[in-house]
Amino acid sequence: QVQLVESGGGLVQPGGSLRLSCVASRNIVSTHIMGWFRQAPGKERELVATIVRSGGTNYADSVKGRFTISRDIPENTVYLQMNGLKPEDTAVYYCNARPPWSTMSNFWGQGTQVTVSS
């Protein structure tokens, strides 16, 4: 089975940057749909960005132009580069992996806290 471990969260000032990392226990980042989700207090978990096995990406409108999802296949790692951070980006960020052949199977990391505040 797959295990995902996120890191890179922390406290940053508005306008600052962070890079989140998600390391998978197996070489799945090029075969699974990889995504970053986030959940703020009192809100539902929302999709932030995805990268599919072809390398194509998609972003939520709220982060488009500011966030970039990427991967390092040999290192089994997916990244989320976050620039121009805003207070509303504050949330727990989760890494997700889904086999493209399954609509019900999901793997989740433990989450990493991102706080944007002055």
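The structure under discussion appears in the preceding block.
Residues numbered from 1 in each chain as written. Predicted model: local features only at pLDDT ≥ 70, side-chain atom pairs only at ≥ 80, totals over all residues. Heavy atoms only, no water.

(A) Structural view of the overall build of the protein. Along its length, the protein carries zero helices and eleven strands. Reading the protein from its N end, one meets helices and strands in the order β-β-β-β-β-β-β-β-β-β-β. By the compact-globule yardstick of 13 Å for 118 residues, the protein fits well, its C-alpha radius of gyration being 13 Å. Dimensions of the protein, computed from the C-alpha atoms along their principal axes, are close to 40 × 25 × 25 Å. Buried positions account for 43% of the 118 residues belonging to the protein. Considering only intrachain contacts with a sequence separation of at least 6, the fraction spanning at least 24 residues in the protein is 55%. Just so you have it, the protein exposes about 6,200 Å², and 48% of that area is on carbon and sulfur atoms. When the 11 positive and 8 negative side-chain charges of the protein are each reduced to one mean point, those points stand 4 Å apart. (Helix = DSSP H or I, 4+ residues; strand = E, 2+ residues; numbered from the N terminus. Rg over C-alpha atoms; globule rule 2.2 N^0.38 Å. Buried < 20%, exposed > 50% of the residue type's maximum accessible area, 1.4 Å probe, protein only. Contact = heavy atoms within 4.5 Å. Areas by Shrake-Rupley, 256 points an atom, 1.4 Å probe, with all protein chains shown as cover. Lys, Arg positive; Asp, Glu negative; His and termini not counted. Charge placed at Lys NZ, Arg CZ, Asp CG, Glu CD.)

(B) Structural context of the pairing of strand β4 (residues 33–39). Burial of β4 is extensive: five of the seven residues sit out of reach of the surface. As paired strands, β4 and strand β5 (residues 46–51) are joined by five bridges and run antiparallel to one another. What sits directly across from tryptophan 36, in β5, is alanine 49. Connecting β4 to the antiparallel partner β5 that follows it, the hairpin turn spans six residues, and glycine 42 within it adopts a positive phi of roughly 80°. (Pairing = 2+ DSSP bridges.)

(C) Expanded view of the sheet that holds strand β7 (residues 67–72). Across the sheet, four strands lie side by side as β1-β3-β8-β7; this open sheet has antiparallel pairing. The open sheet has two free edges, formed respectively by β1 (4–7) and β7, since each of these has just one partner strand. Across the sheet, the mean angle from the axis of one strand to that of its neighbour is 15°, orientation sign disregarded. (Axes fitted to C-alpha atoms, helices over the stretch in contact; angles between N-to-C directions.)

(D) Looking closely at the nonpolar core. The biggest cluster of nonpolar side chains holds 31 residues, and the ones touching the most others in it are Leu4, Met34, Trp36, Leu80, Met82 and Tyr93. When contributions to this core are tallied by element, the ones reaching two or more residues are β3 (18–24), β4, β5, β7, β8 (77–82), β9 (91–98) and β11 (112–116). (Core = buried A, V, L, I, M, F, W, Y, C linked by side-chain atoms within 4.5 Å.)

(E) Spatial organisation of the pattern of salt bridges. In total, this model carries four salt bridges according to the counting rule given. A salt bridge links glutamate 46 to arginine 38; the nearest nitrogen and oxygen atoms lie 2.8 Å apart. Residue arginine 38 is classed as buried on the basis of its relative accessible area of 5%. Note that aspartate 61 is salt-bridged to lysine 64, the shortest N-O span being 3.2 Å. (Salt bridge = Lys/Arg side-chain N within 4 Å of Asp/Glu carboxyl O.)

(F) Spotlight on the packing of aromatic side chains. If you walk through the whole model with that rule in mind, you get two aromatic pairs. Taking 5.0 Å as the distance between ring centres and 65° as the angle between the ring planes, the aromatic pair formed by phenylalanine 37 and tryptophan 108 counts as edge-to-face. Placement of the pair is phenylalanine 37 in strand β4 and tryptophan 108 in strand β10 (residues 107–108), with a sequence separation of 71 residues. Here the aromatic rings of tyrosine 94 and tryptophan 108 are separated by 6.4 Å at their centres, their planes lie at 85°, and the arrangement is edge-to-face. On the criterion of sequence distance, the pair formed by tyrosine 94 in strand β9 and tryptophan 108 in strand β10 is long-range, its members being 14 residues apart. Given the relative accessible area of 37%, tryptophan 108 is considered partly exposed. Here a set of aromatic residues connected by ring pairs shows up, and it is made of Phe37, Tyr94 and Trp108. (Phe/Tyr/Trp six-rings, centres within 6.5 Å; stacked < 30°, edge-to-face > 60°.)

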